Amino acid sequence: MNHPATDGLAARGRALLARSRDVAAVPVEHPAFARVLDQLAPDEARLLSFLHACGPEPTVDVRVGGLMGRLAPAVLARGLTMVGARAGVRRPERLSLHLTNLRRLGLVADADEPVADLSRYQVVEAQPAVLAAVRAARRAHVVRRRLELTPFGRAFVLACLAGDEAGGSCDTVT
């Protein structure tokens, strides 16, 4: 027995596949972009614009353990960064929420590799939150990572936010 809701979905799926085979169709932007715009806060758009203009940003995790297989590694602090200040967000206290939303939407991701210029980590590692986390445990160590736009995020910025200079300056904040 067919269910009306399932029949509607199947018909939509068949129509979508038919459009995918139409070589004369004019490509349009990804259909999710309109919904993504509805789910962004202004500071999130600012962060995306900044990452597009300036490239990956340094982040650090503070960890303890995992040394020579003796202790299981534990994360004391994750994703500490200066990206909010560098992008000039209006609500820096909400940066963690904004980054969580941008990750959820598939626009940004954390990479295990550091940024190319390791000197960019000096400002991040000198921040009070990083220093406090390092002091919180013996043998704590800093792991350098980076925050970057995903390919979907780059396409989104080009389609929806390109040409806007609201993303702050790429100069190092001191």
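None of these values were measured; they are calculated from a predicted model.

Colleague: For this particular structure, what's the right way to read the pairing of strand β4 (residues 141–149)?
Modeller: Every other side chain in a regular strand lies on the same face of the sheet, so the side chains alternate between the two faces. Both strand β1 (residues 57–64) and β4 contribute to a ladder of seven bridges, which runs antiparallel. Pairing of V60 across the sheet is with R144, part of β4.

Colleague: Honestly, the packing of helix α3 (residues 42–54) against helix α5 (residues 95–104) in this entry has me stumped. Any pointers?
Modeller: For any two helices packed against each other, the geometry comes down to the angle between their axes and how far apart the axes lie. Running from N to C, α3 and α5 cross one another at 70 degrees; their axes reach a closest spacing of 10 Å. Our classification of the angle between α3 and α5 gives roughly perpendicular. For the crossing formed where α3 meets α5, the hand is right-handed. Only L95, L97, H98, L99, N101 and L102 of α5 make contact with α3, whose side of the interface consists of D43, E44, L47 and L48. Each residue belonging to the contact of α3 with α5 can be placed in one class, and the counts come to six nonpolar, two polar and two charged.

Colleague: Honestly, the pattern of salt bridges in this entry has me stumped. Any pointers?
Modeller: Summed over all chains, the structure comprises ten salt bridges. The closest approach of N and O atoms between R144 and E125, which form a salt bridge, is 2.7 Å. Of this pair, R144 sits in strand β4 while E125 sits in helix α6 (residues 121–125), placing them 19 residues apart in sequence. Overall, the relative accessible area of 21% leaves E125 in the partly exposed class. A network of salt bridges, in which partner residues are shared, links D61, R63, D112 and R145.

Colleague: Any chance you could explain the environment of F152 here in plain terms?
Modeller: Turning to its location among the elements, F152 is positioned in helix α8 (residues 151–160). Remark: the alpha-carbon pair of F152 and L105, spanning 47 residues in sequence, is separated by 9.3 Å. Discounting residues that sit within four places of it in the chain, F152 has contacts with H30, A32, F33, V36, L105, G106 and L107.

Colleague: Just to check I follow, could you spell out the layout of surface pockets for this structure?
Modeller: Regions of empty space are outlined by a rolling probe, equal in size to a water molecule, passed over the atoms. Volume-wise, the largest pocket comes out at about 300 Å³. Lining the largest pocket are 15 residues; nearest its centre among them are R78, G79, L80, T81 and L95. Elements that contribute at least two residues to the lining of the largest pocket include exactly β2 (74–81), α5 and α7 (128–135). If one sorts the elements of the lining of the largest pocket by residue count, α5 sits on top with five residues. In the lining of the largest pocket, the residues fall into seven nonpolar, five polar and three charged.

Rules used in this analysis
Residues numbered from 1 in each chain as written. Predicted model: local features only at pLDDT ≥ 70, side-chain atom pairs only at ≥ 80, totals over all residues. Heavy atoms only, no water. Pairing = 2+ DSSP bridges. Helix = DSSP H or I, 4+ residues; strand = E, 2+ residues; numbered from the N terminus. Axes fitted to C-alpha atoms, helices over the stretch in contact; angles between N-to-C directions. Parallel < 35°, antiparallel > 145°, perpendicular 65-115°, else oblique. Left-handed = near helix turned anticlockwise from the far one by under 90°. Contact = heavy atoms within 4.5 Å. Nonpolar A, V, L, I, M, F, W, Y, C, P; charged D, E, K, R; others polar. Salt bridge = Lys/Arg side-chain N within 4 Å of Asp/Glu carboxyl O. Buried < 20%, exposed > 50% of the residue type's maximum accessible area, 1.4 Å probe, protein only. 1 Å grid on protein atoms, 1.4 Å probe; cavity = no way out; pocket = protein on both sides within 12 Å on 5 of 7 lines; lining within 4 Å. Points joined across faces, edges and corners; volume = space filled by probe spheres on them.

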